[in-house]
Structures are given as C-alpha cells and as structure tokens.
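Each chain, written out:
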Amino acid sequence: MSKLNYISLGHRCHIYQAVKRLGGTEFTYPFDHLISSWEGIINCFEQNFKNFFPKNCQKTTISCDCSSKYDEICDEENRRLIFKGKYFCYTHHDLRNSTVITKFKERIKRLDSLLSKTQIPVIFLRTILHKNEHKQYGEFETVIKKKYPNLIFKVVFVSTVPNNKTFKIFRQGNYILAEDRFLQIDENEFILKNRYLELINYLNSNDVITNFASLTEVGNEYVSSVTEYNHHAPMD
C-alpha cells in the first residue's frame, strides 16, 4: 500500500477489514467495528467523544450463527446481545465489560493522537448508511479542520448502486464519492469484499489527494477488472 493513513468512519466493519487485508493499518480505531450514524461521527469529533458510549442503552438479542470470537456475547441458544444508543450500535462488544470500555477509550486516544500528529495524509472512508448523508460533509469538514488544523485529509463516501457494473469515482465539492455495487442486499447483507479492496487499490494508485483536482465533477468512470460478482462472499 502507498503511504496513506486509512481511517474507517463506518458505517460497518468491512472498510477496516479491507484496509487491514491490504496491510494498510496496524491498529484499531473507535469506529472500526460499530454500526455508526454520520451524525454520531460528527458529534464525536465535535464533542471529544463524550457521547460515544450510549447514555441510555437499549439491549436486544438477535439470532446468529455464532463463531467462537463472539461466544462472550452469545447465549446457549445462539442469540447475540447487541447494544444500541442514539448514534451507534455495538454488535460485537459487551458494554457491561469494563475491559471492553477501556479498549474503546484506548482506540479513541490512538485516533486523536494520529490525527493530531501525523504528517501523512489521511483518507477517511465511509459507506453511506442513509441516503444523502454525504451532503452533510461540510459540517464534518468544519469540525475536523478546527480540531486538527494541520491535518491533510480527504473523505471518500461509498455509495451502493445495486445494478452497477462499473466503478465510478468522482469529486463532489471537497469530498470524493465512489459508486459501485459494493453491497449485495439479501437477508445477510453480504459484503462484496473484492470491490472494497479494489477501491482502496484505486485510491492508492491514483494518489487521489495529490490529484484530487483532476477528478471531474461529473464522474470519471473506471471499469473494474472484477467482472463476476460473488453474491455470497462475506469478509473473513
């Protein structure tokens, strides 16, 4: 991978998994393994993460095919305990466990330290959860520039277009929008992992921070080398 810092802004785990697979990160950050709202991401940076942990936590269970890594939050009937707050849903972590809370606090400090000190450009990656949330980019940009005035960064929003057979990446104001069939919608919402790997490779090879201005507003169409979609290829 090229020398860029990739930071996942959610909304789920798959971006972190793709970046890790390509050797782009050695560390875990606070949004890597959550279901996150865009409003919550902005609020965390604006309010120094004081609302990261739910104040009024809704606990619920879902049926799942539990693997050993989730045994601690699965019961004998293979129901997984999840924690929901205003901004985030914790599907893999037991917030009743003080060790889990400590680890999240360490990840928050790690992210703040990186963004405060790094001289290496940062690519924030987010898969859009709710339609048009990328249009609130200006609020995020204002907060980040105020909090980290020396940070060089770009945000890439990933938009799912289910019938797409091409990969489109283009400039929208000061952010980048990538459109592709990233997510196969079915009862399990399987991630098409190769497409995320390909997106990150594309961002690296085209040095999108340096060459940002060369991306057109209407869209540069990049025809993917992946011609067959695997409808059942969850991330490892």
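Residues numbered from 1 in each chain as written. Predicted model: local features only at pLDDT ≥ 70, side-chain atom pairs only at ≥ 80, totals over all residues. Heavy atoms only, no water.

Before going further, it helps to examine the confidence of the model for the protein. Mean pLDDT for the protein: 78, with 72% of residues reaching 70 or above. Across residues 184-190, where pLDDT falls below 50, the model places 13 contacts with residues more than four positions away in sequence or in other chains. Low pLDDT, under 50, characterises residues 222-236; the predicted model gives this stretch 39 contacts beyond four residues in sequence or across chains. (pLDDT = per-residue confidence, 0-100. Contact = heavy atoms within 4.5 Å.)

A word on the nonpolar core. Counting 40 residues, the largest nonpolar core has Phe31, Phe45, Phe52, Phe88, Phe124, Phe140 and Phe153 as the members making the most contacts within it. Contributing elements (two or more residues each) for this core: α2 (38-46), β4 (79-84), β5 (88-90), α3 (98-117), β6 (122-127), α4 (137-147), β7 (153-160) and β9 (175-180). In terms of residue count, α3 provides more of this core than any other element does, seven residues in total. Residues in contact with Phe52, not counting those within four places in the same chain, are Pro30, Phe31, Leu34, Cys44, Phe88, Tyr90, Phe104 and Ile108. If you look at the next biggest cluster of nonpolar residues, it comprises 23 residues, including Leu4, Val156, Ala178 and Val208. (Core = buried A, V, L, I, M, F, W, Y, C linked by side-chain atoms within 4.5 Å. Buried < 20%, exposed > 50% of the residue type's maximum accessible area, 1.4 Å probe, protein only. Helix = DSSP H or I, 4+ residues; strand = E, 2+ residues; numbered from the N terminus.)

Here we come to the packing of aromatic side chains. Two measures describe an aromatic ring pair: the distance that separates the ring centres and the angle between the ring planes. Enumeration according to the criterion identifies 23 aromatic pairs in this entry. Look at Trp38 and Phe157: their rings are 5.2 Å apart centre to centre, the planes differ by 75°, and that puts the pair in the edge-to-face class. Linking Trp38 in helix α2 with Phe157 in strand β7, this pair joins segments that are 119 residues apart in sequence. Neither Trp38 nor Phe157 differs from the other in exposure class; each is buried. Geometry around Phe104 places Arg107 over its ring, the cationic atom sitting 5.2 Å from the centre. For Arg171, the ring lying beneath its charged end belongs to Phe212, and the centroid distance is 5.8 Å. (Phe/Tyr/Trp six-rings, centres within 6.5 Å; stacked < 30°, edge-to-face > 60°. Lys NZ or Arg CZ within 6 Å of the ring centre and 35° of its normal.)

So, on to helix α1 (residues 14-21). Residues His14, Ile15, Tyr16, Ala18 and Val19 constitute the buried set of α1. Following α1 by one or two positions, Gly23 adopts a phi angle in the positive range, close to 75°.

This part covers unusual backbone geometry. For the peptide bond that leads from Gly10 to His11, omega is 15°, which places it in the cis range. Along the chain, His11 falls in the loop between β1 (5-8) and α1. With a phi angle near 55°, Asn48 is a residue other than glycine that sits in the positive phi range. Residue class for Asn48 comes out exposed when judged on its relative accessible area of 52%. Unusually for a residue other than glycine, Asn132 sits at a positive phi of about 75°. Position of Asn132 among the secondary structure elements: in the loop between β6 and α4. Given the relative accessible area of 33%, Asn132 is considered partly exposed.

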